[in-house]
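Residues per chain are reported as follows:
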Amino acid sequence: MFELAALAYLIDLRFGEFRTTHPVVLMGRFIEGYERRYYRDTILSGTILVASLFTLTLIVSLSIVYACQALPYWLALPVLAVIASTGLAMHMLHASVSELLTARQPRQALRYLVSRDTETMSDSEVYKAAIETWAENLSDGVIAPLFYLVLFGLPGLAVYKAVNTLDSMIAYKTDRYLHFGRIAAKLDDLANFIPARLTALLIILVSADKKRALQCLWRDADKLESPNAGRPIAAMAGALGVALGGDAMYHGRLKTKPALGDAIVPVTKTTLSKALSMKTPIDFTILGLLAVGFLLS
């Protein structure tokens, strides 16, 4: 699967998202349709949704793999790689966060990337939120999909994207989703357990100050509610010499969150640019590891 993952990653880096209906959009429509018809704020109702989406996702992905088996390998591999590339988000993630560097209204641009309130943010808070988004989504949108693609092929990638989509839509601790989204939230925590830690190690590996990044990861990784999000964010904070996290407004309410890292330097547009500049060494490291895996497999 290493060659499939490497080719899919290269396709995503070069072309990004294709102008077609994205598989995640289709998953989202399925979730919305189920919720409209069968929503009950119970664990059972949420579990049925999860099981239904997993079943549908496996049937479609296995059917694609089966159909490609009828093709010669030289054709099947790029076909599967193009499909798999839709589950990777490095191109889109980097481009979306980079827009804040040139946006005339950074707060407006940030609204499409985060769930927190952005209207009253200072410039420093805007760039801090963007760095956190970049770090956390390196795990969710890049490393985790590649991880499951290498382990289980296209079906593994597809099921992970189903888990991630469920988490982004219904796994909230609100009155509506407290029970309905509980299984989705737990599965997302489980699915991202290893990828989040791999992402943190990758950030440390490409960091100019590996010692400080490792120290911040070791000290601050468990400070957030999420068992996974703190890993890449803490490593990124250490790599940049800044403090990330901290209190933020969500839906008009202040949420108290701990700080990760040390405020050695302030968070500015330059800091965000430095964080985004890690993309090239991360790309080469990922492709290098996939090449080694292919040669040893």
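Everything discussed here concerns the structure shown above.
Since this is a predicted model, take the numbers as computed values, not measurements.

A. Structural view of the packing of aromatic side chains. Summed over all chains, the structure comprises eight aromatic pairs. The interplanar angle of 55° and the centroid separation of 5.3 Å between the aromatic rings of Tyr34 and Tyr38 together place this pair among those described as tilted. One end of the pair is Tyr34 and the other is Tyr38, both in helix α2 (residues 23-38) and four residues apart, which spans about a single turn. Tyr34 gets classed as buried once you look at its relative accessible area, which sits at 10%. Centroid distance Tyr172 to Tyr177: 6.4 Å. Interplanar angle 50°. Geometry classified as tilted. Each residue in the set Tyr34, Tyr38, Tyr39, Tyr172, Tyr177 and Phe180 is aromatic and connected to the rest through ring pairs, giving one cluster. The ring of Phe15 is capped by Arg14, whose NZ or CZ atom sits 5.0 Å from the centre of that ring.

B. Region of the structure containing helix α3 (residues 43-68). The end-to-end C-alpha distance of α3, which contains 26 residues, comes to 37 Å, matching closely the 38 Å that a straight helix rising 1.5 Å per residue would cover. Within the sequence span of α3, burial applies to Ser45, Gly46, Leu49, Val50, Leu53, Phe54, Thr57, Ser61 and Cys68. Buried residues along α3 sit against α2, α4 (73-85), α7 (123-170) and α8 (182-191).

C. Main features of a nonpolar patch on the surface. On the surface, a nonpolar cluster with roughly 360 Å² of combined accessible area is contributed by Phe193, Ile194, Leu198 and Leu201. The topology assignment puts Ile194 in helix α9 (residues 193-206).

D. Region of interest: the environment of Cys216. Within the secondary structure, Cys216 is located in helix α10 (residues 210-220). A sequence separation of 46 residues divides Cys216 from Asp262, and the C-alpha atoms of the two residues are 8.0 Å apart. Leaving out residues up to four positions away in the same chain, Cys216 has contacts with Ala221, Ala234, Gly238, Gly261 and Asp262.

Thresholds, definitions, all that
Residues numbered from 1 in each chain as written. Predicted model: local features only at pLDDT ≥ 70, side-chain atom pairs only at ≥ 80, totals over all residues. Heavy atoms only, no water. Phe/Tyr/Trp six-rings, centres within 6.5 Å; stacked < 30°, edge-to-face > 60°. Helix = DSSP H or I, 4+ residues; strand = E, 2+ residues; numbered from the N terminus. Buried < 20%, exposed > 50% of the residue type's maximum accessible area, 1.4 Å probe, protein only. Lys NZ or Arg CZ within 6 Å of the ring centre and 35° of its normal. Expected span 1.5 Å × (residues − 1). Contact = heavy atoms within 4.5 Å. Patch = residues over 30% accessible without salt bridge, like charges linked within 9 Å, V, L, I, M, F, W, Y side chains within 5 Å. Areas by Shrake-Rupley, 256 points an atom, 1.4 Å probe, with all protein chains shown as cover. Salt bridge = Lys/Arg side-chain N within 4 Å of Asp/Glu carboxyl O.

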